[in-house]
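Residues per chain, in single letters:
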Amino acid sequence: MINQVRTRLRITRNVSDPRALAQEYCVQEMTANRRPLPVPYFDLLDYLNVLGKRDAPAAILLAHSVATLNQSLRNGEFLERVAEAWETARR
């Protein structure tokens, strides 16, 4: 995974924030082989109020963990469970 991210960063030119791009690439690599979430990323990030914020990748990874542990959760139940985990993790 690290080599893939490094290669992608070498290929990408003229980036205003290389750290943010590296973070985005890492999240993409970590979530590439996982099942889709029961809600769209946009809805998840909006629900957690992290849309467009630097905590967004961490929220997505947490949501994937919750989805793996609770595969029967859907829509609102899933969002509520992720929000509970998110609040606990931020303490």
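Notes on the structure follow.

Rules used in this analysis
- Residues numbered from 1 in each chain as written.
- Predicted model: local features only at pLDDT ≥ 70, side-chain atom pairs only at ≥ 80, totals over all residues.
- Heavy atoms only, no water.
- Salt bridge = Lys/Arg side-chain N within 4 Å of Asp/Glu carboxyl O.
- Helix = DSSP H or I, 4+ residues; strand = E, 2+ residues; numbered from the N terminus.
- Buried < 20%, exposed > 50% of the residue type's maximum accessible area, 1.4 Å probe, protein only.
- Contact = heavy atoms within 4.5 Å.
- Axes fitted to C-alpha atoms, helices over the stretch in contact; angles between N-to-C directions.
- Parallel < 35°, antiparallel > 145°, perpendicular 65-115°, else oblique.
- Nonpolar A, V, L, I, M, F, W, Y, C, P; charged D, E, K, R; others polar.

## A few points about the pattern of salt bridges
Enumeration according to the criterion identifies two salt bridges in this entry. Asp-55 serves as the salt-bridge partner of Arg-90, at 2.7 Å between the closest nitrogen and oxygen. With Arg-90 in helix 5 (residues 75-90) and Asp-55 in the loop between helix 3 (41-47) and helix 4 (56-69), the pair connects residues that are 35 residues apart, well separated along the chain. Residue Asp-55 is classed as partly exposed on the basis of its relative accessible area, which comes to 28%.

## With respect to the environment of Asn-3
Looking at the element boundaries, Asn-3 is found in helix 1 (residues 2-11). Separated by 36 residues in the primary sequence, Asn-3 and Val-39 have C-alpha atoms spaced 30 Å apart.

## Concerning the environment of Ala-63
Within the element layout of this structure, Ala-63 appears in helix 4. Owing to a relative accessible area of 0%, Ala-63 belongs among the buried residues under this scheme. Taking the C-alpha atoms as reference points, Ala-63 and Arg-81, 18 residues apart in sequence, are found 8.9 Å from one another. Residues contacting Ala-63, with those up to four places away along its chain left out, are Leu-37, Leu-44, Phe-78 and Val-82.

## Observations concerning the packing of helix 2 (residues 18-31) against helix 4
It is the contact of helix 2 with helix 4, at a shortest axis distance of 10 Å, that shows an interaxial angle of 10°. One finds that helix 2 runs roughly parallel with respect to helix 4. On helix 4, the residues that touch Gln-23, Val-27, Met-30 and Thr-31 of helix 2 are Pro-57, Ile-60, Leu-61 and His-64. Of the residues contributing to the contact of helix 2 with helix 4, the split by class is five nonpolar, three polar and no charged.

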